[in-house]
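Below, each chain spelled out in residue letters.
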Amino acid sequence: MESIMAKALEYTLKYWLKSFTRDQFKLQGRTVQLSNLDLNGDALHSSFGFPPVLSVTTARVGKLEIMLPSMSNVQTEPFIVQIDRLNLVLEENSEFQPSENPTSCTTSSSSSKGSGYGFSDKIADGMTVQIHTVNLLLETRGSACSQGGATWTPPMASITMHNFLLYTTNESWEVVNLKEAREFSSNKKYIYVFKKLEWESMSFDLLPHPDMFTDATLGSSQEGENLRDEDGAKRVLFGGERLIEGISGEAFITIQRTELNSPFGLEVQLHVTEAVCPALSEPGLRAFLRFKTGLYVCLNRGNVDLKAQKRSTEAARHSIVSIVVDHIFLCIKDSEFQLELLMQSLHFSRVIHLIMFLCISFSMFFFFFFFFGVPLF
């Protein structure tokens, strides 16, 4: 039984890790310890359903420890995965062509899916994942000279989450043993997995992209702090700003697969009690709108046809994301004015094929643009 557990765990690690070899796998009692690991970006891309225009260029784990249950409890107790730090970088693919077949399809990862629901898949679905720090960097390209019009580069988004916890529950989001959690899928045409995600704090920073300081819109003979818009508003170079800090929340995740273990549906219910932005400057607001515009342009880069979507062949075909925020406070401060906004009981829901963060981005973008009328660049 111990050898079966080891092979199943090795099979799972081989799918998620890049350049994983059997020599790295050393089981000491019921604990496995690995360090400085590169995750398979294509596996992450397809499993999370990222759009084809975005690529996972960096996915790295500092220290990883896996604690196995006893052999007599392997059907009821989860494998526990502890990670000290997870660094992810998402970049817009500069060579992305909507009309061409992608050159880096996830053939290796897709070959391990759709062949049935085996012992290793049950282990992966039942895992409890604890991550001390998650760092995500998102970079988009904005508008290039070849596209005509003004050249501009949006800032980069840096998201940091602390004490990230993901665990398996039953359909009522109650913690039960894994055997009871799997009973919901009995005598059904689909396989259902219920997960609950919790995090202690999350911060959102906007960072200046190096190309922002060479944009044609800044000019070559004037310094940024002396530039003014057509309406006379003073332009100030953006040097980075923290948008949101200290957000805690939870998410209820339902994964639906076919009998052959191919992803079919995904439902995410995200709940945040309080989102506070205490001091957003006018340059920070401009940078925020520029980032949202860059994200919108990125996700709508050309008309993505079915061939281009082969990169996400493993993404769920039906996705529903719901976001509930109990209280939102936004304060915009400038030398000449201060604006405070308070919103309660925000409920946002959408059927999508993208990650949940992108959904709220669109709604917030249009909210700021139409209500404030602030110039984008």
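So, a few notes on the structure that sits alongside this text. (Residues numbered from 1 in each chain as written. Predicted model: local features only at pLDDT ≥ 70, side-chain atom pairs only at ≥ 80, totals over all residues. Heavy atoms only, no water.)

Let us now look at the overall build of the protein. What the protein contains, in helices and strands, is seven helices and 13 strands. For the protein, buried positions account for 45% of its 377 residues. Of the contacts made within the protein by residues no fewer than 6 positions apart, 76% connect residues no fewer than 24 positions apart. Surface exposure of the protein reaches about 19,400 Å², of which carbon and sulfur atoms provide 53%. (Helix = DSSP H or I, 4+ residues; strand = E, 2+ residues; numbered from the N terminus. Buried < 20%, exposed > 50% of the residue type's maximum accessible area, 1.4 Å probe, protein only. Contact = heavy atoms within 4.5 Å. Areas by Shrake-Rupley, 256 points an atom, 1.4 Å probe, with all protein chains shown as cover.)

With that out of the way, let us pick up the nonpolar core. The biggest cluster of nonpolar side chains holds 68 residues, and the ones touching the most others in it are Leu9, Ile66 and Phe79. Here this core takes eight residues from helix H6 (residues 282–299), the largest share from any one element. (Core = buried A, V, L, I, M, F, W, Y, C linked by side-chain atoms within 4.5 Å.)

Glancing now at the pairing of strand S10 (residues 249–257). Of all nine residues in S10, seven are buried; the element is thus mostly enclosed. The pairing of strand S7 (residues 191–199) with S10 spans nine bridges and is classified as antiparallel. Counted as the bridge partner of Glu198 is Glu250 from S10. Pairing analysis gives nine bridges linking S10 to strand S11 (residues 263–281), with the strands arranged antiparallel. Of the residues in S11, the one forming a bridge with Ile253 is Val268. Between S10 and S11, which pair antiparallel in sequence order, lie five residues; one of them, Asn261, sits at a positive phi of approximately 75°. (Pairing = 2+ DSSP bridges.)

Turning to the environment of Ile123, a few remarks are in order. For Ile123, the position within the fold is in helix H4 (residues 119–126). Sequence spacing of Ile123 and Ala8 is 115 residues, and the spatial spacing of their C-alpha atoms is 7.7 Å. Once residues within four sequence positions are removed from consideration, Ile123 is found in contact with Ala8 and Phe79.

What follows concerns the packing of aromatic side chains. Aromatic rings in a pair are described by how distant their centres are and how their planes are angled relative to each other. Taken as a whole and judged by the stated rule, the model has eight aromatic pairs. Seen in terms of ring centroids, Trp173 and Phe252 are 5.2 Å apart; in terms of plane orientation they differ by 55°. Their pairing is tilted. Here the residue Trp173 occupies a position in the loop between strand S6 (156–169) and helix H5 (178–181), and Phe252 occupies one in strand S10, the gap between them amounting to 79 residues. Arranged with centres 5.2 Å apart and planes meeting at 80°, the rings of Phe184 and Phe194 form a pair that is edge-to-face. Of this pair, Phe184 sits in the loop between H5 and S7 while Phe194 sits in strand S7, and the two are 10 residues apart along the sequence. (Phe/Tyr/Trp six-rings, centres within 6.5 Å; stacked < 30°, edge-to-face > 60°.)

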